[in-house]
Amino acid sequence: MSPFGDAVRRLRRLVAFKPRRWSTRRVKVVQRSWEKFKESQSESTTVGLAVFKRFLRRSPAFLQLFPFRDQPLETLFLNAKVRLHCKLFADTVSRTVGLLGDSVAVKASLRELGARHSDLYKVRSGHYVAMGSALLEVLEYNLGEAWDEETKTAWEETWAYITKQMQKGAGSRDVPQRGAGSREGSQRGKK
């Protein structure tokens, strides 16, 4: 089986992962490795581009999910809208990684993000698996020797948790308006 197939199989198995509480060590492993990865890139756009290139080259049919779907794959990553989306992806991962020690905040943030992605982009479970595989492959490649078994396991479990919370959010009916990405925006609909 290919490394990609192995990664997909591990991610599918880990979707069932239910952390009671993130250990301080696990949080630090994910946060340190993410910072090291970001340091190896020139800016957050480059971080996002690395992941999206891997994601869309492995799963080109998923390009249809995005507003820039009509852009040819050969010039896709030169497009300003694509570059902005890649930056937003990297910034969102950074924010999520930063929140890992705060289970209430990370859960709320991910569920809101999942609701938006489900409604606006029609993201489904296979998309999370493909994006997770791309993210983990890019991290492994860029972290080199720092990508040890502990780091790999921590990221697999983290992505499984991200996926699970976003999918729970996708099932909710309280979806904030586009751009309302704040807690207040999601709270307004509950009153």
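Residues numbered from 1 in each chain as written. Predicted model: local features only at pLDDT ≥ 70, side-chain atom pairs only at ≥ 80, totals over all residues. Heavy atoms only, no water.

Q: Explain the pattern of salt bridges to me, and be specific about the residues and the numbers.
A: Applying the stated criterion across every chain, the model contains seven salt bridges. A salt bridge links Arg26 to Glu157; the shortest N-O distance between them is 2.0 Å. With Arg26 in helix α2 (residues 24–39) and Glu157 in helix α7 (residues 149–170), this pair connects stretches of sequence that are 131 residues apart. Classification of Glu157 as buried rests on a relative accessible area of 11%. One salt bridge connects Glu137 with Arg54, and the closest N-O pair in it is separated by 3.0 Å. (Salt bridge = Lys/Arg side-chain N within 4 Å of Asp/Glu carboxyl O. Helix = DSSP H or I, 4+ residues; strand = E, 2+ residues; numbered from the N terminus. Buried < 20%, exposed > 50% of the residue type's maximum accessible area, 1.4 Å probe, protein only.)

Q: Give a description of the nonpolar core that names residues and reports values.
A: Residues Trp34, Phe52, Phe55, Leu56, Leu135, Leu139 and Trp155 are the most contacted members of the largest nonpolar core, which totals 45 residues. When contributions to this core are tallied by element, the ones reaching two or more residues are α2, α3 (44–58), α4 (80–99), α5 (103–121), α6 (125–143) and α7. Ranked by residues supplied to this core, first place goes to α6 with nine residues. (Core = buried A, V, L, I, M, F, W, Y, C linked by side-chain atoms within 4.5 Å.)

Q: How would you summarise the layout of surface pockets if you had to cite specific residues and measurements?
A: Approximately 810 Å³ is the volume found for the largest pocket. Lining the largest pocket are 31 residues, with His85, Thr92, Leu113, His117 and Tyr121 sitting closest to its centre. Among the elements of the structure, α3, α4, α5, α6 and α7 are those that each provide at least two residues to the lining of the largest pocket. In terms of residue count, α4 provides more of the lining of the largest pocket than any other element does, nine residues in total. (1 Å grid on protein atoms, 1.4 Å probe; cavity = no way out; pocket = protein on both sides within 12 Å on 5 of 7 lines; lining within 4 Å. Points joined across faces, edges and corners; volume = space filled by probe spheres on them.)

Q: Kindly report on the environment of Glu43, identifying the contributing residues and their values.
A: Tracing the backbone through its elements, the reader meets Glu43 in the loop between α2 and α3. The sequence separation of Glu43 and Ala90 amounts to 47 residues, and the corresponding C-alpha distance is 9.5 Å.

Q: Break down α5 for me, citing the residues and quoting the values.
A: In a regular helix each residue adds 1.5 Å, so 19 residues correspond to 27 Å; α5 covers 26 Å between its end C-alpha atoms and thus fits that length. Buried residues of α5: Val106, Leu110, Glu112, Leu113, Gly114, Ala115, Arg116, Ser118 and Tyr121, and no others. Directly after α5, the chain includes Lys122, whose backbone phi takes a positive value near 60°. (Expected span 1.5 Å × (residues − 1).)

Q: Quick rundown of the packing of α4 against α5? Include the residues and the values.
A: When two helices pack together, their arrangement is captured by the angle between the axes and the distance separating the axes. One can describe the packing of α4 onto α5 by two numbers: an axis separation of 8 Å at closest approach and a directional angle of 150°. When the axis of α4 is compared with that of α5, the two are roughly antiparallel. The hand of the α4/α5 crossing is left-handed. Mapping the contact onto sequence places Thr92, Arg95, Thr96 and Leu99 in α4 and Ala105, Val106, Ser109, Leu110 and Leu113 in α5. (Axes fitted to C-alpha atoms, helices over the stretch in contact; angles between N-to-C directions. Parallel < 35°, antiparallel > 145°, perpendicular 65-115°, else oblique. Left-handed = near helix turned anticlockwise from the far one by under 90°. Contact = heavy atoms within 4.5 Å.)

Taken by themselves, the reported measurements are silent on function.
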